[in-house]
Amino acid sequence: MIEKVTEAIQNNKNIQKMLSEYICDFIKKYNNLDKKQQENVLLSRDSIFRKWLYSSVSADTYLNPNFLVNQFAQEKIPGKYAVSPHISIRECGQKLKSNISYIFYSIEKHPVLDDIDKLMDFADPTIIVRENNKYLIDNGEKLLEKINFRSAYYLEYLMYIATSMKFLVQMKSIGCTCFKIGDQYDEFMKLSNKEKLLKVIDTSINFSFNNLNDSEVFIEDFDRKRILSLIDNNINFDNYIENIDGLEDEILDAILEQYPGEENENIKMAAQTGAQLYYRVFIDMYFTSVFGYYLGLISPNKSNIFIMKQVFNEFAEDEDPNDRLRIIFECDDLHDLTPFGEEIISQLKPHQNKRFFKHIKSSEFSTILESAEKEKKLDEKMYDILESNNGTGNEEFINSHLNKFAEYLLKDKILKQSTVESHISNVYMFLNFYVKCKNKNDLQKIDDKLVDNYMREFYIPIAASSKTDTKNELVSIGRYAEFLYKTSIIDGEDIKAIKKVVKNKIYYEEIFVELNNN
């Protein structure tokens, strides 16, 4: 079965083109970095690949590379398995070499079972753990080259499995922690693959909730029942953050200690964003990575499009350990069980949610990927504009001004916070990159002609990825114009003229369609 699935994937031109483009993009962007930046990127190559694997090819959909590969595989050869492409990139002299392989998750073959065996082979006769080791154990670099995922976090997970299940038992030692192979490993090897997997998954659940609780981030406790409830179909980020209020309050209190008397809706929004950031890092580290990337039970999806240059810049420049965690780990926005996951989890919990992900025929891949390529190029253009930061407005003034706009939307218009955030983001682009706003005088220059030129010359050709984007930008500018009028920055004639422009949505949508058809 594995050989047939692998051959089918290798013969699919759309999938191979998608994988090849990742490699080409990686190498091209890598060659533009300096030596230190290249070292940082290579150190995180597995994390970068994992980001790409689960990132949507089209924003706010679940159409990511991993999903598309599995859709094709199941269409050709249905079964209780999951398969992930894996791209390994390594230095070879002055050049980078790449290799594409496929990791299968099934009862018959599983990467964690394979890597436990490799860990035990490596422990002949012992494994030594030291606090200052780069990869946890002595000569860890050599083991990373042999196991399926080149990650120190994965090695930490394997060591937890091996020590918890007493495959490795601690010996007396001085100045380090030393392990030898225990008798339980021989007993484990006598089990069937299904029995082995159920034991490993059971221990992985313990790994997940113990580490989430020990992180000292979460107010609530995680336990086996809660972890199992999250390993299910149709789970999204809201399920992860059901009990986030306590952490938001703690962060808000910490902010107000530094800035007493400053409490407002924007400070509260900052506390909520900070709390969600913590959740994303640790949920990914001890849940999504474990049950998705390592075990293949869930099919994670991140809603944002992967921009290689942006990701490289983050990994290349940021050396602060806490910031690097934020870059490496960011939990999924939505996941379903894989066919393999449904088979295994049915043994551990009686009821499963209905699948959210719908079947996509492989005959649609070409159209999907062509559309995705256009969307990606627009996102890359937008990122280049954001990165260059040339001739932009005064950030401090704009942020202070938009804080007032946010309060107006929340209090006067009683809009949801997510809607407010969307409007703020849309107007920020207008003020910072087109108006290049420095002060109140620049705000007073905003009129219908400026809005019209912005839509035709800047937003639609550079930033819009759909007619919906175009419509949403017009709605946001309309809301903003109302705010400018209410605060006496523009007059009655200006607001009437601007409203006439923003109501003409069909006109601007037609411009978008015309530009994208050429």
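Criteria and cut-off values
Residues numbered from 1 in each chain as written. Predicted model: local features only at pLDDT ≥ 70, side-chain atom pairs only at ≥ 80, totals over all residues. Heavy atoms only, no water. 1 Å grid on protein atoms, 1.4 Å probe; cavity = no way out; pocket = protein on both sides within 12 Å on 5 of 7 lines; lining within 4 Å. Points joined across faces, edges and corners; volume = space filled by probe spheres on them. Helix = DSSP H or I, 4+ residues; strand = E, 2+ residues; numbered from the N terminus. Nonpolar A, V, L, I, M, F, W, Y, C, P; charged D, E, K, R; others polar. Buried < 20%, exposed > 50% of the residue type's maximum accessible area, 1.4 Å probe, protein only. Contact = heavy atoms within 4.5 Å. Pairing = 2+ DSSP bridges. Salt bridge = Lys/Arg side-chain N within 4 Å of Asp/Glu carboxyl O. Bend = angle between axes of the 7 residues up to and from the residue. Polar contact = N/O pair within 3.5 Å; in protein donor to acceptor, adjacent residues only side chain to side chain. Axes fitted to C-alpha atoms, helices over the stretch in contact; angles between N-to-C directions.

> Provide a residue-level description of the layout of surface pockets, including the pertinent values.
Here the largest pocket defines a volume of roughly 2,400 Å³. Around the largest pocket, the lining comprises 49 residues; the ones closest to its centre are Asp60, Ser303, Asn304, Gln310 and Ser425. Ranked by residue count, the leading element in the lining of the largest pocket is helix 20 (residues 417–435), at 10 residues. The residue makeup of the lining of the largest pocket, split by class, is 20 nonpolar, 17 polar and 12 charged. Put simply, the second largest pocket is a space of about 570 Å³. What lines the second largest pocket is a set of 22 residues, and nearest its centre among them are Leu43, Lys134, Ala152, Tyr153 and Ile328. Where the lining of the second largest pocket is concerned, the elements lending two or more residues are helix 4 (45–54), helix 8 (152–164) and helix 16 (321–328). Looking at the lining of the second largest pocket, its residues break down into nine nonpolar, four polar and nine charged.

> I'd like a rundown of the environment of Ile345, residues and numbers included.
Assignment of secondary structure puts Ile345 in helix 17 (residues 339–345). Since its relative accessible area comes to 0%, Ile345 is described here as buried. Separated by 145 residues in sequence, Ile345 and Ile490 have C-alpha atoms that sit 60 Å apart. If we skip the residues at most four places from it in the chain, Ile345 touches Ile231, Leu297, Leu337 and Gln352.

> Account for the pairing of strand 8 (residues 298–305), with residues named and values stated.
Counted residue by residue, strand 8 has seven buried out of eight residues, so it is predominantly covered. Of the pairings in the sheet, the one linking strand 1 (residues 55–56) to strand 8 comprises two bridges and is parallel in character. Paired with Ser55 across the two strands is Lys302, which belongs to strand 8. Pairing of strand 8 with strand 9 (residues 334–337) involves four bridges; the strand directions are antiparallel. Of the residues in strand 9, the one forming a bridge with Pro300 is His335.

> Account for the pattern of salt bridges, with residues named and values stated.
Oppositely charged side chains may form a pair once their charged atoms are brought near each other. Applying the stated criterion to the full structure yields 20 salt bridges. The shortest N-O distance in the salt bridge between Asp114 and Lys109 comes to 2.9 Å. Residue class for Lys109 comes out partly exposed when judged on its relative accessible area of 38%. As a salt-bridge pair, Arg130 and Asp138 come within 3.0 Å of each other at their nearest N and O atoms. Given the relative accessible area of 32%, Arg130 is considered partly exposed. Beyond isolated ion pairs, a larger network of salt bridges with shared partners links Asp25, Lys29 and Lys376.

> Tell me about helix 22 (residues 448–463), and name the residues and values.
In the structure, helix 22 departs most strongly from a straight axis at Met455, where the bend amounts to approximately 40 degrees. Put simply, Asp447 is the residue that caps the front of helix 22, since its side-chain oxygen is 3.3 Å from the backbone nitrogen of Lys449.

> Tell me what's going on with the sheet that holds strand 5 (residues 168–171), and back it up with residues and numbers.
Here three strands make up an open sheet; going across it, the order is 4-6-5 and the pairing antiparallel. Either end of the sheet is taken by a strand with one partner, and the two such strands are strand 4 (126–129) and strand 5. On average, each strand axis in the sheet is tilted by 35 degrees relative to the strand beside it, whichever way the strands run. Pairing geometry for strand 4 and strand 6 (residues 177–181), over four bridges, is antiparallel. The residue of strand 6 that forms the bridge with Ile128 is Cys178. Sheet contacts for helix 6 (residues 111–122): strand 4, strand 5 and strand 6; angle to strand 4, the most-contacted strand, approximately 95 degrees. Strands strand 4, strand 5 and strand 6 of the sheet are contacted by helix 8, whose axis makes an angle of about 85 degrees with strand 5.

> Lay out the environment of Val281 in plain terms, naming residues and giving numbers.
Residue position: Val281 is located in helix 14 (residues 265–294). Excluding residues that lie within four positions of it along the chain, Val281 makes contacts with Leu325, Arg326 and Phe329.

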